[in-house]
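Now for the letters of each chain:
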Amino acid sequence: QQQVKQSPQSLIVQKGGISIINCAYENTAFDYFPWYQQFPGKGPALLIAIRPDVSEKKEGRFTISFNKSAKQFSLHIMDSQPGDSATYFCAASRLTGANNLFFGTGTRLTVIP
Amino acid sequence: EAGVAQSPRYKIIEKRQSVAFWCNPISGHATLYWYQQILGQGPKLLIQFQNNGVVDDSQLPKDRFSAERLKGVDSTLKIQPAKLEDSAVYLCASSLGRGVWGTEAFFGQGTRLTVV
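These lines cover the structure that appears in this document, whether it is placed above or below. Just so it is clear, the structure is predicted and the values come from calculations on it, not from any experiment.

Brief notes about the overall build of chain B
For step 1, the next point in the chain: Within chain B, the secondary structure is distributed over zero helices and eleven strands.
For step 2, the next point in the chain: Its C-alpha atoms give chain B a radius of gyration of 14 Å, near enough to 13 Å, the size a compact globule of 116 residues would have.
For step 3, the next point in the chain: On the principal axes, the C-alpha backbone points of chain B span a range of 45 × 25 × 25 Å.
For step 4, the next point in the chain: Residues classed as buried in chain B amount to 45% of the 116 residues present.
For step 5, the next point in the chain: For chain B, long-range pairs separated by at least 24 residues make up 53% of all intrachain contacts whose partners lie at least 6 apart in sequence.
For step 6, the next point in the chain: If you sum the accessible surface of chain B, you get close to 5,800 Å²; carbon and sulfur atoms cover 51% of it.
For step 7, the next point in the chain: Once the 13 positive and 10 negative side-chain charges of chain B are each reduced to a mean point, those two points are 4 Å apart.

What about the sheet that holds strand E8 (residues 72–77) of chain A?
Residue and element names in this part refer to chain A.
For step 1, the next point in the chain: The strand order E1-E3-E8-E7-E6 describes an open sheet built from five strands, whose pairing is antiparallel. With partners counted over all chains shown, the strands left at the sheet margins are strand E1 (4–7) and strand E6 (56–59), one partner each. Averaged over all neighbouring strand pairs, the angle between strand axes comes to 15°, with direction disregarded.
For step 2, the next point in the chain: Looking at chain direction, strand E7 (residues 62–67) and E8 are connected through six bridges and run antiparallel. For Ser65, the partnering residue across the bridge sits in E8 and is Ser74.

A word on a nonpolar patch on the surface
Residue and element names in this part refer to chain A.
For step 1, the next point in the chain: Together, Ile18, Ile20 and Met78 make up a nonpolar patch on the protein surface, roughly 240 Å² of accessible area in all.
For step 2, the next point in the chain: With respect to the helices, strands and loops of the structure, Ile20 is situated in strand E3 (residues 19–25).
For step 3, the next point in the chain: Residue Ile20 is classed as partly exposed on the basis of its relative accessible area of 38%.

Structural notes on the sheet that holds strand E8 (residues 75–79) of chain B
Whether parallel or antiparallel, the strands of a sheet pair through hydrogen bonds between backbone atoms.
All names here are of chain B.
For step 1, the next point in the chain: Pairing within the open sheet is antiparallel, and its four strands lie in the order E1-E3-E8-E7. Of all strands in the sheet, those with a lone pairing partner are strand E1 (5–7) and strand E7 (65–68), marking the two edges. Neighbouring strand axes in the sheet, compared pairwise and without regard to direction, differ in orientation by 15° on average.
For step 2, the next point in the chain: Inspection of the sheet shows E7 paired to E8 by four bridges, in the antiparallel sense. Note on E8: the bridge partner recorded for Glu68 is Thr76.

Digging into the side chain of A:Gln38
For step 1, the next point in the chain: Assignment of secondary structure puts A:Gln38 in strand E4 (residues 33–38).
For step 2, the next point in the chain: Owing to a relative accessible area of 11%, A:Gln38 belongs among the buried residues under this scheme.
For step 3, the next point in the chain: A polar contact is formed between the side chain of A:Gln38 and the backbone oxygen of A:Lys42, at a distance of 2.8 Å.
For step 4, the next point in the chain: Apart from residues no more than four positions distant in its own chain, A:Gln38 is found in contact with A:Gly43, A:Pro44, A:Ala86, A:Thr87, A:Phe89 and B:Gln37.

Looking at the pattern of salt bridges
For step 1, the next point in the chain: Throughout the structure, instances matching the rule amount to four salt bridges over all chains.
For step 2, the next point in the chain: A salt bridge links A:Arg61 to A:Asp84; the shortest N-O distance between them is 2.8 Å. On the criterion of sequence distance, the pair formed by A:Arg61 in the loop between E6 and E7 and A:Asp84 in the loop between E8 and strand E9 (86–92) is long-range, its members being 23 residues apart.
For step 3, the next point in the chain: Notably, a salt bridge pairs B:Arg64 with B:Asp86, separated by 2.5 Å at the nearest N-O pair.

Thresholds, definitions, all that
- Residues numbered from 1 in each chain as written.
- Chains lettered and ligands numbered in written order.
- Predicted model: local features only at pLDDT ≥ 70, side-chain atom pairs only at ≥ 80, totals over all residues.
- Heavy atoms only, no water.
- Helix = DSSP H or I, 4+ residues; strand = E, 2+ residues; numbered from the N terminus.
- Rg over C-alpha atoms; globule rule 2.2 N^0.38 Å.
- Buried < 20%, exposed > 50% of the residue type's maximum accessible area, 1.4 Å probe, protein only.
- Contact = heavy atoms within 4.5 Å.
- Areas by Shrake-Rupley, 256 points an atom, 1.4 Å probe, with all protein chains shown as cover.
- Lys, Arg positive; Asp, Glu negative; His and termini not counted.
- Charge placed at Lys NZ, Arg CZ, Asp CG, Glu CD.
- Pairing = 2+ DSSP bridges.
- Axes fitted to C-alpha atoms, helices over the stretch in contact; angles between N-to-C directions.
- Patch = residues over 30% accessible without salt bridge, like charges linked within 9 Å, V, L, I, M, F, W, Y side chains within 5 Å.
- Salt bridge = Lys/Arg side-chain N within 4 Å of Asp/Glu carboxyl O.
- Polar contact = N/O pair within 3.5 Å; in protein donor to acceptor, adjacent residues only side chain to side chain.

The following block contains the structure:
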């Protein structure tokens, strides 16, 4: 059972545009929602994370929007750049106990110059 | 600060052979994870250690996979015998395991395993 569902599978955006990736989760016990960026041949790198006590978190051009009642969260990349071209994974976990990450299936983002 | 180190980077073996992967986590990180990432998919947890104890190994195919974390630092993951469907990238990650952001996991570059 896929605990975290992610869409779209791929995304093409013009330079300067906004990239939006959406995720939905099932387990209401999750209380930590990170986004990871992965370049080919590299391991995932933490981009930004949010806890459900806030509805939005912004770090530079990256923003997470969180809707607890809908069990959904999304990543917005403002002013997308060619260097942002990578695969993005949303994830969810608990903060305590068996706190392993459950990952979405990934979104391959391509930013066209 | 040194990141999570993994070796080897690549490994090609024949089915039914055995293989081992090594991971050195970030210094001071109590929690260590092994994830399997099949091409085109998100990573999936195989096993989680807290210090040298197992927290979760429910998704580890124990008939062929084994892992250990001696002295609560380095870890090895072994597959014996390997199957074609084990072809994947094996990622090691570590986290502090305590505190507000103790879940923040840092990943190594992974070991790409090809079983032929």
